[in-house]
Amino acid sequence: MKTNNIVYLTDEYIYLKNKKKKDIIRYKISDGIISGGKISNIKNFIKTYEKLLNEFHLNNSLFGDAIKIIVLPSYLPSEINMLKNIFMVFNYRKIIIEKELKYFKLSNNNAYINVYNNYISISYLDEFKKINNLYFEPKLFKNEQDLIKYLKYILNSKEIYLLGNGNLLNTIFSDLENKTGLKTYLYSNHETYILDKSK
């Protein structure tokens, strides 16, 4: 189903693609509203999203619009349900939730790692061709070298596709291939790539 609005949430920005606007909207948000790619302060998120809609003159019609929200692979059914309930406040008639993994080509030979300063999300296929999604905070490790060793251990000889932003992303990108020999690629602006691929 085609939708008029597509949303992608990160800790620092709300990305919104709307059929009325030519460009993708990248809207800066305050700290603590979204944490780990998930809404952590509902009241402030609603105020911020309302402000975004008003600022860009994107208020819904009386009968509502359809919206697609693209989320991390680690979203649980309860978190998806909560997200739908939050967006119902904005009078969307149809709310579709898709996991971002749909827009990348996962195989036995590769893995996708979302790296932000507050969280890391890893998606890969195991030897039984089952999708594994790991989600954790970087502070779980004593230092960045321990994190690199862990990534090498779980991903073995897979090609790595890095997504995200922040200082930690740059460190992992520079160290992963040099210190472990794993082929590593960096997607810049992966948020806009996902929104452009989505219909």
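Just above, that's the structure.
Trainee: Just checking my understanding: could you explain the overall build of the protein for this structure?
Mentor: In terms of helices and strands, the protein carries five helices and 12 strands. Here the protein has a C-alpha radius of gyration of 18 Å; the compact-globule value for 199 residues is 16 Å, and the two agree. When its C-alpha atoms are laid out on the principal axes, the protein stretches across 55 × 30 × 30 Å. Buried positions account for 51% of the 199 residues belonging to the protein. Considering only contacts within the protein whose residues lie at least 6 apart along the sequence, 65% involve residues at least 24 apart. For the protein, the exposed area adds up to about 10700 Å²; of that, 49% sits on carbon and sulfur atoms. Across the protein, the centroid of the 30 positively charged side chains sits 6 Å from that of the 20 negatively charged ones.

Trainee: I would appreciate a short explanation of helix α5 (residues 190–197) in the present structure.
Mentor: Every α-helix carries 3.6 residues per turn, so stepping three or four residues along brings you back to the same face. When α5 is considered as a whole, its buried residues turn out to be H190, E191, I194 and L195. Here the buried residues of α5 occupy an arc of 140 degrees about the axis, which is enough to place them on one side. Where α5 is buried, its residues meet β1 (5–9), β2 (13–18), β6 (66–71), β8 (110–115) and β11 (159–164).

Trainee: Honestly, the nonpolar core in this entry has me stumped. Any pointers?
Mentor: Among the nonpolar cores identified, the biggest contains 43 residues, and V7, I14, F45, Y49, I69, L83 and F87 are the most heavily contacted of them. Those residues in contact with Y49 that sit more than four places away from it in its chain are V7, I14, L16, I67, F87, F90 and Y92. One finds L147, L151, I154 and L168 within the second-largest nonpolar core, a separate group that totals 20 residues.

Trainee: Just to check I follow, could you spell out the layout of surface pockets for this structure?
Mentor: Each pocket or cavity is described by its volume, and for the largest pocket that value is around 190 Å³. Forming the walls of the largest pocket are 14 residues, and the residues nearest its centre are T3, I6, K17, N18 and K19. Along the lines of polarity and charge, the residues of the lining of the largest pocket split into two nonpolar, four polar and eight charged.

Rules used in this analysis
Residues numbered from 1 in each chain as written. Predicted model: local features only at pLDDT ≥ 70, side-chain atom pairs only at ≥ 80, totals over all residues. Heavy atoms only, no water. Helix = DSSP H or I, 4+ residues; strand = E, 2+ residues; numbered from the N terminus. Rg over C-alpha atoms; globule rule 2.2 N^0.38 Å. Buried < 20%, exposed > 50% of the residue type's maximum accessible area, 1.4 Å probe, protein only. Contact = heavy atoms within 4.5 Å. Areas by Shrake-Rupley, 256 points an atom, 1.4 Å probe, with all protein chains shown as cover. Lys, Arg positive; Asp, Glu negative; His and termini not counted. Charge placed at Lys NZ, Arg CZ, Asp CG, Glu CD. Arc of directions from axis to C-beta. Core = buried A, V, L, I, M, F, W, Y, C linked by side-chain atoms within 4.5 Å. 1 Å grid on protein atoms, 1.4 Å probe; cavity = no way out; pocket = protein on both sides within 12 Å on 5 of 7 lines; lining within 4 Å. Points joined across faces, edges and corners; volume = space filled by probe spheres on them. Nonpolar A, V, L, I, M, F, W, Y, C, P; charged D, E, K, R; others polar.

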